[in-house]
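Structural features, examined
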Amino acid sequence: MTTPTVLPDDRTAPGRSTAPASKASASARRLTALARAELVLLIRNRSAIFMALVLPVVMVFSIRASLKQVDLSGTGLSIAGAALTGGIGIVLVQVVYMNLVTGYVTRREELVLKRLRTGEITDREILAATAVPSLALALLQCVLLVVAGAIAFDLTAPKHPALFLVGLVVGLLMMSALAAATSAMTRTVQTSQLTTLPLFFVSLFGSGIFVPLDVFPDKLASVLELLPLTGVMTLVRHGWLGGAEGGELLTAAAAALAWTAFAVFAVQRWFRWDPRG
């Protein structure tokens, strides 16, 4: 093992610098500290906790009830399989997207974001730390849905775990970025309940959450495949239940990644750090 050369002013010789490691460590500490503070704020917000924990469960039972009126023959899906995979979509929309829009707007209007930017923490760290509690809660609920499917509804574990995880991770990233982008168009916390509704309803009824796309006419289904959450739902559903072809999965992955890239661009271009007044 080579001992670094010590220069007269106690600096180590070039080529042995630990700056990248120290920067990463400092970034991790800042991110962890801010995420912990955000988690405490989330736990204290009873309405947010109710929305995040109770409503997705209620929506899963609503999906299951609605699917009893739908002819799923020929789709390869059972009512339980369609309802629980749809539940993951509900978690992505409600726990991540809707919750984070409110969170970003609240922090902005209370000048929290503006004050944080005056310190060492970077913009990306601020956005990521704010999202961490919602993402962690969403992951926990998705795990519980998979466990509930295996125990209570006789569903198997995900048949293609890698595909399931890819769909879930892309969905979490997309919804987080779309939440930050939507917050730029949201003037107050109260109006966040309105600005999130378009994506909420479009995803519920057009992305295969309430009703699988397989039951729609082919032309309409082809249009609905272009919606933000449709690609994610396709990856998650077929990652859990199986049955997809390679071309369908590639199309779904391309659509999901394209929407994620657009959402990230929108955040970089239009995210607002100062109150809108």
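Look a little higher up for the structure.
Structural notes, computed from the coordinates. (Residues numbered from 1 in each chain as written. Predicted model: local features only at pLDDT ≥ 70, side-chain atom pairs only at ≥ 80, totals over all residues. Heavy atoms only, no water.)

1. Describing a negative patch on the surface
Side chains of D214, E225, E245 and E248 sit close together on the surface and give a patch of like negative charge. When you line up the elements, E245 lands in the loop between α10 (230-241) and α11 (246-270). Note on E245: relative accessible area 60%, which makes it exposed. (Patch = residues over 30% accessible without salt bridge, like charges linked within 9 Å, V, L, I, M, F, W, Y side chains within 5 Å. Areas by Shrake-Rupley, 256 points an atom, 1.4 Å probe, with all protein chains shown as cover. Salt bridge = Lys/Arg side-chain N within 4 Å of Asp/Glu carboxyl O. Lys, Arg positive; Asp, Glu negative; His and termini not counted. Charge placed at Lys NZ, Arg CZ, Asp CG, Glu CD. Helix = DSSP H or I, 4+ residues; strand = E, 2+ residues; numbered from the N terminus. Buried < 20%, exposed > 50% of the residue type's maximum accessible area, 1.4 Å probe, protein only.)

2. Brief notes about helix α6 (residues 161-184)
Under the 1.5 Å per step criterion, the end-to-end length of α6 is 35 Å for 24 residues, consistent within 8% with the ideal 34 Å. Summarising burial for α6: 18 of the 24 residues are buried, a large majority. (Expected span 1.5 Å × (residues − 1).)

3. Observations regarding the environment of V112
Inspection of the secondary structure assignment puts V112 in helix α4 (residues 112-116). With 162 residues separating them along the chain, V112 and D274 place their C-alpha atoms 9.3 Å apart.

4. Quick look at the packing of aromatic side chains
Counting across every chain of the model gives eight aromatic pairs. With 5.8 Å between their ring centres and 80° between their planes, Y104 and F271 make a pair best called edge-to-face. Pair noted here: Y104 is in helix α3 (residues 79-109) and F271 is in the segment after α11, with a separation of 167 residues, a long-range link. You'll find Y104 and F271 in the same group, each marked buried. Ring plane angle 75° and centroid distance 4.8 Å describe the contact between F271 and W273, whose orientation is recorded as edge-to-face. The residues F271 and W273 share a single accessibility class, namely buried. An aromatic cluster is present here, built from F200, F201, F205 and F210 joined pairwise through their rings. (Phe/Tyr/Trp six-rings, centres within 6.5 Å; stacked < 30°, edge-to-face > 60°.)

5. Description of α10
The terminal C-alpha atoms of α10, which comprises 12 residues, lie 16 Å apart, in line with the 16 Å expected from a rise of 1.5 Å per residue. Extensive coverage of α10 is indicated by the burial of 12 of its 12 residues. Listed as buried for α10 are T230, G231, V232, M233, T234, L235, V236, R237, H238, G239, W240 and L241. Taken together, the buried residues of α10 touch α3, α5 (123-152), α6, α8 (197-206), α9 (218-224) and α11. (Contact = heavy atoms within 4.5 Å.)

6. Remarks on a nonpolar patch on the surface
Together, F50, M51, L53, V54 and V58 line one region of the surface with nonpolar side chains, adding up to about 400 Å² of accessible area. On the secondary structure map, V58 appears in helix α2 (residues 46-67).

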